[in-house]
Amino acid sequence: TRYKTRQTSAPQAQPGQNVPLSLTTGDVVRLLLQNNREIGVERLAPASELYTITSLTRLFEPVFYSNANLDRVNNPSRNQLVGAVSLLQLTHNLQIGFEHLLESGTSYNVNIDFVRGSSNSAFNLLNPWYNGLITYSLTQHVLRDFGKRVNTSRIRIARNNEKISELQFELQVVDAVSEALALYWDLKFSEEDVKVKLRSLELAQRTLRENQIQVDIGTLAPIDLIQAETDVAARNEALITARYNTELLQNQLKTLITPDIDAGAATGRLSLTEPV
């Protein structure tokens, strides 16, 4: 859970949404961390290493176990030496144990077996009877698997891998945030550039109309009209290019901050509200 992104109140990009989505730079960062598919996948790498560490350290946790059972046997007697018309035997078994593997390689275990038996035979001297047994053992390897450094080497490697994966994830997040913010301001600039080029085209068209009037009344040579027409065409081309770049940046930014595969078709237009 240490890698789970906290939910925020940032605006959400919903599939099929056609209304403009107002965004500040803070919204871009929050939506990126919440929705970006690559970050979502890479976020699992450090968590996976933590699970590996947990599974390896559990090898050195103590284990307590117990087992109990009851056996009941009823056999009809075939002779009087059994001591009962129908021999009934009850046996209670209880087993309790404890084992532990230390990081040094030492392993020990203690096991207690307790048995209680009874029967209806007339020849039993003790009824019920009890039997108990305690066994224990201590094992320490002299050469192989001897010492803490040997037995915990995989845990240290897993911890190093977890730190590496965490740093790699952080670097990826930093790169993704930097890319998203760069796209944000590139898009902001591109939108302002479209406005400038649109105004420039309007001025060129106005000049063309004025030159056309002057040609019509004879105060300007027709050849001078060609330059104005060329200027209008050039500025119209620049406006088309600027609009294309704006749409391209829109789709690139949408891809980073939305979970949709086709972000351009599934999300409304981005409206950047961060002041320059």
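Residues numbered from 1 in each chain as written. Predicted model: local features only at pLDDT ≥ 70, side-chain atom pairs only at ≥ 80, totals over all residues. Heavy atoms only, no water.

Enquirer: What should I look at first to understand the pattern of salt bridges in this one?
Expert: Should the charged atoms of two oppositely charged side chains come close, the side chains can pair. Summed over the entire model, instances satisfying the criterion amount to eight salt bridges. The partner of Glu 192 in a salt bridge is Lys 195, with the nearest N and O atoms 3.5 Å apart. Here Lys 195 and Glu 192 lie together in helix H5 (residues 153–217), a separation of three residues that amounts to about one turn. Under the relative-accessibility criterion, Glu 192 is labelled partly exposed at 37%. (Salt bridge = Lys/Arg side-chain N within 4 Å of Asp/Glu carboxyl O. Helix = DSSP H or I, 4+ residues; strand = E, 2+ residues; numbered from the N terminus. Buried < 20%, exposed > 50% of the residue type's maximum accessible area, 1.4 Å probe, protein only.)

Enquirer: Which parts of the structure should I look at to understand a negative patch on the surface?
Expert: Side chains of Glu 38, Glu 42, Asp 175 and Glu 179 sit close together on the surface and give a patch of like negative charge. The set of elements that each furnish at least two residues to the negative patch consists of helix H2 (37–42) and H5. Within the fold, Glu 38 resides in helix H2. (Patch = residues over 30% accessible without salt bridge, like charges linked within 9 Å, V, L, I, M, F, W, Y side chains within 5 Å. Areas by Shrake-Rupley, 256 points an atom, 1.4 Å probe, with all protein chains shown as cover. Lys, Arg positive; Asp, Glu negative; His and termini not counted. Charge placed at Lys NZ, Arg CZ, Asp CG, Glu CD.)

Enquirer: Can you walk me through the packing of helix H3 (residues 44–57) against H5 in this structure?
Expert: Working note: a packed helix pair is described by the angle between its axes plus the distance between those axes. Where H3 contacts H5, the axes come no closer than 8 Å and their chain directions differ by 165°. On the basis of the axis angle, H3 is roughly antiparallel to H5. For the pair H3 and H5, the crossing hand works out as left-handed. Facing H3, whose interface residues are Ala 45, Pro 46, Glu 49, Leu 50, Thr 52, Ile 53, Leu 56 and Thr 57, H5 presents Arg 154, Ile 155, Ala 158, Arg 159, Asn 161, Glu 162, Ser 165, Glu 166 and Phe 169. (Axes fitted to C-alpha atoms, helices over the stretch in contact; angles between N-to-C directions. Parallel < 35°, antiparallel > 145°, perpendicular 65-115°, else oblique. Left-handed = near helix turned anticlockwise from the far one by under 90°. Contact = heavy atoms within 4.5 Å.)

On their own, these measurements won't tell you what the molecule is for.
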